[in-house]
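Spelled out, the chains give:
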Amino acid sequence: MSLTPYVFDAARDNFDALILGNSMRGLVLANFWSPKAGPCMLLMPRLVKLAAEYGGRFLLVMVNTEELGQRARALGITSVPTVKFFLRGEMVHTIHGAENDASFRAALGRFLASDQDRLRISALRLHQEGDTEGAIALLARIAVEDASDLAVAADLAKLLTLAGRPHEALVLLAALPAPARAQIDIAGLLVHLELIEAASQEHADADTPAARLTLAAQALFEDQAERALTELLEIARLAPAHRDAIGRRAMLALFDMLGGEHELTRRFRARLAELSV
């Protein structure tokens, strides 16, 4: 029986469908309660109020252990009230007792996607379905609404690059605040884009930092990591501040790509460290 649009009463014939089945589509909270336990009667209206407040972002299922004791015991219920969180067919979290609303809100925050997250997922789905331009447009709108979401910025830069627009991706990431550019995912992507741009350029004077960056980028795209690292090391040595320390940043990104135990990583990391002495 449906108690409200978001709250249901479990029975023997609908238990699996209500809890496990619905959890394949979203978060389900199963409230195991007994009419004989006073704390259950205090918690129940609070949970119903939360379900209404969240407007269907999770489903609340009431499980009376006096009627469904066998099913409750099979799920490890030894006391009531107990609220179990189900997602994608699995139990992912448990709250024992009549905890305060803040505890439930904190737990819900761990498993519920925000509106921003859902839009981002929709954009990535558009890309998977072949509509990359539509995905880019949606991500751009999200980025305007919340410029602090680095996951959106990274996804947008990746799709712009895949769409043959790496310069736009570079401009996007380069405009981020310095702390954001220093984040691992953003930093690696930014270096990659800078190298893509450098590889497309030609410089007559091979002694300039810009020319060496072009040579490093071209070497990298030809799978000549040692030559790329040699040029980047020279940039770090001769022009350490060039393009926001691109020599050092690109070397660190290459070390991550090669792995810490790679011979080139060990050799060039030591050389890079010598520049700081």
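This is a predicted model, so every value here is computed, not measured.

What to know about the overall build of the protein chain
Scanning the protein chain for helices and strands turns up 14 helices and six strands. Against the 2.2 N^0.38 benchmark of 19 Å for 277 residues, the protein chain shows a C-alpha radius of gyration of 27 Å, more extended than a compact globule. A total of 277 residues make up the protein chain; the buried ones form 40% of that total. The long-range share in the protein chain, meaning contacts at least 24 apart out of those at least 6 apart in sequence, stands at 57%. Of the roughly 14,700 Å² of accessible surface on the protein chain, 55% is carried by carbon and sulfur atoms.

Some thoughts on helix H10 (residues 184-199)
Helix length check: H10 (16 residues) gives 23 Å between terminal C-alpha atoms against 22 Å at 1.5 Å per residue, within 8%. Buried within H10 are the following residues: Ile186, Leu189, Leu190, Val191, Leu193, Glu194, Leu195, Glu197 and Ala198. Lining the buried residues of H10 we find helix H7 (150-162), helix H8 (166-174), helix H9 (178-181), helix H11 (209-221) and helix H13 (246-258).

Considering the pairing of strand S3 (residues 27-33)
Most of S3 sits inside the fold, with seven of its seven residues counted as buried. Strand direction decides the pairing type here: S3 and strand S4 (residues 58-64), joined by seven bridges, are parallel. Bridge pairing in S4 places Phe32 opposite Val63. In this region the chain leaves S3, passes through helix H2 (residues 38-53) and returns to the parallel neighbour S4; the handedness of that crossover is right-handed. Of the pairings in the sheet, the one linking S3 to strand S5 (residues 82-87) comprises five bridges and is antiparallel in character.

What about the packing of aromatic side chains?
For the structure shown, the criterion picks out two aromatic pairs. Taken together, a centroid distance of 6.1 Å and an interplanar angle of 45 degrees make the contact between Phe85 and Phe111 tilted. Linking Phe85 in strand S5 with Phe111 in helix H4 (residues 101-111), this pair joins segments that are 26 residues apart in sequence. Taken as a pair, Phe85 and Phe111 share a single burial class, namely buried. Looking at Arg271, its charged tip hangs above the ring of Phe268, at a distance of 5.0 Å from the centre.

Some points on the packing of helix H6 (residues 132-145) against H7
Where H6 contacts H7, the two axes come as close as 9 Å, and the packing angle between them is 150 degrees. Considered as vectors, H6 and H7 are oriented roughly antiparallel to each other. Where H6 crosses over H7, the handedness of that crossing is left-handed. Where H6 approaches H7, its residues Thr132, Ala135, Ile136, Leu139, Ala140, Ile142 and Ala143 are matched on the opposing element by Val152, Asp155, Leu156, Leu159 and Leu160. For the contact of H6 with H7, a count of residues per class yields ten nonpolar, one polar and one charged.

Conventions used here
- Residues numbered from 1 in each chain as written.
- Predicted model: local features only at pLDDT ≥ 70, side-chain atom pairs only at ≥ 80, totals over all residues.
- Heavy atoms only, no water.
- Helix = DSSP H or I, 4+ residues; strand = E, 2+ residues; numbered from the N terminus.
- Rg over C-alpha atoms; globule rule 2.2 N^0.38 Å.
- Buried < 20%, exposed > 50% of the residue type's maximum accessible area, 1.4 Å probe, protein only.
- Contact = heavy atoms within 4.5 Å.
- Areas by Shrake-Rupley, 256 points an atom, 1.4 Å probe, with all protein chains shown as cover.
- Expected span 1.5 Å × (residues − 1).
- Pairing = 2+ DSSP bridges.
- Right-handed = clockwise from strand over helix to strand, strands pointing away.
- Phe/Tyr/Trp six-rings, centres within 6.5 Å; stacked < 30°, edge-to-face > 60°.
- Lys NZ or Arg CZ within 6 Å of the ring centre and 35° of its normal.
- Axes fitted to C-alpha atoms, helices over the stretch in contact; angles between N-to-C directions.
- Parallel < 35°, antiparallel > 145°, perpendicular 65-115°, else oblique.
- Left-handed = near helix turned anticlockwise from the far one by under 90°.
- Nonpolar A, V, L, I, M, F, W, Y, C, P; charged D, E, K, R; others polar.

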